[in-house]
Amino acid sequence: MILVRRFKKRYALFLLFVLYVIVCQSCMKMRMSSVKTQAYFEEKKVDYVDESIEFDGHSLHYIQTGNENNPTLFFVHGSPGSWDAFKTYLNDSLLLKKYRMIAVDRPGFGYSDFGSPENLATQSKWINELVRMLDNKQPIALVGHSLGGPLIVKMAIDDPKLYSHLVILAGSVDPKAEKPELWRPILKSKPLRYLIPGALRPSNDELWYLKTDLIDMKPHLDEITAEVTIVHGTKDRLVPYSNMAFLQKELVNAKKIDTLSIKDADHFIPWSHFEIVRNQLLKVKHIN
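Below you will find a few notes about this structure. Every chain begins its residue count from 1, and numbering advances along the sequence as written. Whole-chain, interface and lining totals are the exception, using all residues; otherwise, since this is a predicted model, local features are given only for residues with pLDDT of at least 70 and side-chain atom pairs are given and counted only at 80 or more. Only hydrogens and water are removed before side-chain values are computed, so all heavy atoms of the structure are retained for them.

### As for the overall build of the chain
Comment: elements are numbered from the N terminus, with helices defined as DSSP H or I runs of at least four residues and strands as E runs of at least two. For the chain, the helix and strand inventory stands at 11 helices and 8 strands. Relative to its full complement of 288 residues, the chain shows a buried share of 50%. Taking the contacts inside the chain whose residues are at least 6 apart along the sequence as the reference set, 75% of them involve residues at least 24 apart. Of the roughly 14,100 Å² that the chain leaves accessible, carbon and sulfur atoms contribute 56%. Classification of residues uses two cut-offs on accessible area relative to the type maximum, computed with a 1.4 Å probe and protein chains only: under 20% is buried, over 50% is exposed, and between them is partly exposed. Contacts between residues were defined by any pair of non-hydrogen atoms, one from each residue, lying within 4.5 Å. Residue exposure ignores everything except the shown protein chains as possible cover, and the areas themselves are Shrake-Rupley values with a 1.4 Å probe.

This is the structure:
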């Protein structure tokens, strides 16, 4: 009888474990469905485009709002995340008057090959191709938050003539400031990686790549020729505030550098300080 009870208990625990693994594959994807996207923009009374572009066997998903003929703000989210990190900006009436706005799902997130992350070089190659496909012959400003910050820097290095302005929001660009946690490669290995739910899995992978990516990118920072705006919270616990000074020192050929330190702000300034960030976007001069 005791053996039977132990067997049942172990069997129940095994079933719970299997159920957890199955649930991990479907939960915490951190993306907004097309149905919810439609409902969101209908409520805001904002016209939008919801599309995925296929090329070279890959898919990149994006949302677009605003006048097709206006200069572009192109938003790139952090890790983890998806286009909807910038949904409040995409329906802002002041920004809509001035810009066409596009927010992309980075590779491995949202509806862009979900679960298959790539390093900065590959992401830059693919997203630059998307930008060229959507080019309306008007100036383009890149807006990147967190890991989206170094990615837009890499995009501008790879195709400097394509972009007029970079807006780096709490961007992790300094390789010395990046301290990759030693437990990340453990969670990258099989079968442990399958215990990480949803978007946290590709996030863990790319954050482990990041320091090497930043080391490789540093010698090319002097190739940035666009205007640059840097916004960072002074009490950012995830991406050190020292990144601002690093960028000011390294972007020696940027046409212009504007900085804004938000006193006592943490890492999540696109949401906690929306009006401040929105007003910086309205000040982007090179695309007026």
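### A short note on empty space enclosed by the protein
A 1.4 Å probe that fits but cannot get out identifies a cavity on a 1 Å grid over protein atoms alone, an open set with protein on both sides within 12 Å along at least five of seven lines counts as a pocket, and a residue lines either if it has an atom within 4 Å of a point. Grid points are joined across faces, edges and corners, and a volume is the space filled by probe spheres set on the points. Enumeration according to the criterion identifies 1 cavity of 30 Å³ or more in this entry. Volume-wise, the largest cavity comes out at about 40 Å³. If you trace the largest cavity, you find it lined by Thr-72, Phe-74, Arg-100, Ile-102, Val-131, Leu-134, Asp-135 and Ile-140. Going through the elements one at a time, strand E3 (72–76) and strand E4 (100–104) are the ones with two or more residues in the lining of the largest cavity. Under the scheme applied, nonpolar residues are Ala, Val, Leu, Ile, Met, Phe, Trp, Tyr, Cys and Pro; charged residues are Asp, Glu, Lys and Arg; polar residues are all the others, including Gly. Taken together, the residues of the lining of the largest cavity break down into 5 nonpolar, 1 polar and 2 charged.

### Observations concerning helix H6 (residues 148–158)
Among the 11 residues that make up H6, 10 are buried, leaving the element largely enclosed by the rest of the structure. Within the sequence span of H6, burial applies to Gly-148, Gly-149, Pro-150, Leu-151, Ile-152, Val-153, Lys-154, Met-155, Ala-156 and Ile-157. Summarising the contacts, the buried residues of H6 are in contact with E3, helix H5 (120–133), strand E5 (140–145), strand E6 (165–169) and helix H8 (200–217).

### Describing unusual backbone geometry
For the bond running from Ser-79 to Pro-80, omega is -10°, close enough to zero to count as cis. Among the structural elements, Pro-80 can be located in the loop between E3 and helix H3 (87–90). The phi angle at Asp-56 is positive, at roughly 50°, despite the residue not being glycine. Residue position: Asp-56 is located in the loop between strand E1 (48–55) and strand E2 (58–66). Its identity is not glycine, yet Asp-113 carries a phi of approximately 50°, on the positive side.

### Things to note about the packing of H5 against H6
Orientation of H5 relative to H6, taken along the N-to-C sense of each, is 65°, at an axis distance of 9 Å. When the axis of H5 is compared with that of H6, the two are roughly perpendicular. The handedness of the crossing between H5 and H6 comes out as right-handed. Residue-level contacts link Leu-120, Ala-121, Gln-123, Ser-124, Ile-127, Asn-128 and Val-131 of H5 to Pro-150, Leu-151, Lys-154, Met-155 and Asp-158 of H6. Of the residues that constitute the contact of H5 with H6, the class distribution is 7 nonpolar, 3 polar and 2 charged. The angle between two axes is taken between their N-to-C directions and runs from 0 to 180 degrees, where each axis is a line fitted to C-alpha atoms and a helix contributes only its stretch in contact. Comment on the angle field: the value is read as roughly parallel under 35 degrees, roughly antiparallel over 145, roughly perpendicular from 65 to 115, and oblique elsewhere. Crossings are assigned a handedness: left-handed for a near helix turned anticlockwise from the far helix by less than a right angle, right-handed for a clockwise turn.

### Comments concerning the sheet that holds strand E8 (residues 256–262)
Spatial ordering of the open sheet is given by E1-E2-E4-E3-E5-E6-E7-E8, a layout of 8 strands whose pairing is mixed. The open sheet has two edge strands, E1 and E8, and neither has a second partner. Along the sheet, successive strands turn relative to each other by an average axial angle of 20°, direction set aside. Pairing geometry for strand E7 (residues 227–233) and E8, over 7 bridges, is parallel. In the sheet register, Thr-229 faces E8, and the bridge partner there is Asp-258. In the packing of helix H2 (residues 34–44) onto the sheet, contacts are made with E1 and E2, and the angle to E1 comes to roughly 145°. Across the sheet, H6 is in contact with E3, E5 and E6; its angle to E5 comes to roughly 150°. Pairing between two strands requires that DSSP report at least two bridges joining them.

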